[in-house]
Amino acid sequence: GAGVSQSPSNKVTEKGKDVELRCDPISGHTALYWYRQSLGQGLEFLIYFQGNSAPDKSGLPSDRFSAERTGGSVSTLTIQRTQQEDSAVYLCASSLALRQGGPNEKLFFGSGTQLSVL
Amino acid sequence: KNQVEQSPQSLIILEGKNCTLQCNYTVSPFSNLRWYKQDTGRGPVSLTIMTFSENTKSNGRYTATLDADTKQSSLHITASQLSDSASYICVVNGQNFVFGPGTRLSVLP
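Residues numbered from 1 in each chain as written. Chains lettered and ligands numbered in written order. Predicted model: local features only at pLDDT ≥ 70, side-chain atom pairs only at ≥ 80, totals over all residues. Heavy atoms only, no water.

Which residues make up the overall build of chain A, and what values do they have?
Broken down by element type, chain A carries zero helices and ten strands. Sequence-ordered secondary structure for chain A, helices as α and strands as β, is β-β-β-β-β-β-β-β-β-β. Since a compact globule built from 118 residues should have a radius of gyration of about 13 Å, the 14 Å found for chain A is in line with a globular shape. The principal-axis extent of the C-alpha atoms belonging to chain A is close to 40 × 30 × 25 Å. Taking all 118 residues of chain A together, the buried fraction comes to 48%. Excluding contacts between residues fewer than 6 apart, the proportion of contacts in chain A whose partners are at least 24 apart in sequence is 58%. Carbon and sulfur atoms provide 47% of the accessible area of chain A, an area that totals close to 5,800 Å². Distance between charge centres in chain A, computed from 11 positive and 11 negative side chains, equals 2 Å. (Helix = DSSP H or I, 4+ residues; strand = E, 2+ residues; numbered from the N terminus. Rg over C-alpha atoms; globule rule 2.2 N^0.38 Å. Buried < 20%, exposed > 50% of the residue type's maximum accessible area, 1.4 Å probe, protein only. Contact = heavy atoms within 4.5 Å. Areas by Shrake-Rupley, 256 points an atom, 1.4 Å probe, with all protein chains shown as cover. Lys, Arg positive; Asp, Glu negative; His and termini not counted. Charge placed at Lys NZ, Arg CZ, Asp CG, Glu CD.)

Right under this line is the structure:
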């Protein structure tokens, strides 16, 4: 597609339920990031995928969070046993850069998934 | 600790006026700094990128400055328009991306 696509755009769930958030990056982009954006806070890094390399999971806040990227394209972020503090906007971004923090790396963001845990 | 701070937290101006947003960072090593614009309900979109050797860069009505010695950057918006209402996020790229909390700009008619 023309840009990064995320679904659903909004998700309301009950505490304790599992949720899956989907990201379709720009075709050909090898790098994919997941970020969490809470109200009034800067984007919080969650996980980074680069091609077929092992992902950088250093930002995942707990073992309830996991992510996969199948075939080097679509990615799914899964949150198990959701808690109220998980409520936030989850943003996905993709990039052409071959390494994290490259000098000219430009991130292209999706519109995010607004997650509300009741 | 790598941090990016932005000021003001929020700003309200009248259409047609100019404004300047500030960004201070303590990120090291430093590769580049980007300003992103984030409209409500959308993801951030890159406005400008500045590397260590660049002092000023313009993109239409947006002009970014960088002082690598004092680790400060500013984003100046000239002749503001209603469509400039958004959050502006300063992002410093070192070994990874460090995001500022953003400045929420509201342009009123």
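Lay out the nonpolar core with the relevant residues and their values.
Residue and element names in this part refer to chain B. Counting residues in hydrophobic clusters, the biggest one holds 24 residues, and the most contacted among them are Val4, Tyr25, Leu33, Trp35, Leu75, Tyr88 and Leu105. Residue assignment for this core shows that the elements contributing at least two residues are β3 (19–25), β4 (32–38), β5 (45–51), β7 (62–67), β8 (72–77), β9 (86–93) and β11 (103–108). Those residues in contact with Tyr25, other than ones at most four positions away along the chain, are Gln3, Val4, Phe30, Leu33, Leu66, Asp67, Ala68, Lys71, Gln72 and Val92. (Core = buried A, V, L, I, M, F, W, Y, C linked by side-chain atoms within 4.5 Å.)

Outline the interface of chain B and chain A, supporting the account with residue identities and numerical values.
Reports often express the size of an interface as the amount of accessible area lost when the parts come together. With 20 residues of chain B at the interface, the matching set in chain A holds 19 residues. A combined buried area of about 1,400 Å² lies between chain B and chain A, and 52% of that area is made up of carbon and sulfur atoms. For the interface between chain B and chain A, the tally reads zero salt bridges. Counting across the chain B and chain A interface gives five residue pairs in polar contact (both at pLDDT 80 or more). (Buried area = accessible area lost by both parts, 1.4 Å probe. Salt bridge = Lys/Arg side-chain N within 4 Å of Asp/Glu carboxyl O. Polar contact = N/O pair within 3.5 Å; in protein donor to acceptor, adjacent residues only side chain to side chain.)

I'd like a description of the pairing of strand β10 (residues 113–117) of chain A, backed by residues and values.
Residue and element names in this part refer to chain A. Here β10 shows a buried face lined by Thr113, Leu115 and Val117 and an unburied face lined by Gln114 and Ser116. Examined bridge by bridge, strand β2 (residues 10–13) and β10 share four bridges and lie parallel to one another. Looking at β10, one finds that Thr13 is bridged to Val117. (Pairing = 2+ DSSP bridges.)

Describe the pattern of salt bridges, naming the residues involved and giving the relevant values.
Inspection of the entire model under this criterion finds six salt bridges over all chains. The salt bridge involving A:Arg64 is made with A:Asp86; its shortest N-O contact spans 2.8 Å. Residue A:Arg64 is located in the loop between β5 (44–50) and β6 (65–69), and its partner A:Asp86 is located in the loop between β7 (75–79) and β8 (88–95); the two are separated by 22 residues in the primary sequence. Close ionic contact of B:Asp84 with B:Arg61 constitutes a salt bridge, the shortest N to O distance being 2.8 Å. One end of the pair, B:Asp84, is in the loop between β8 and β9; the other, B:Arg61, is in the loop between β6 (56–59) and β7, and 23 residues separate them in sequence. A relative accessible area of 1% places B:Asp84 in the buried class.

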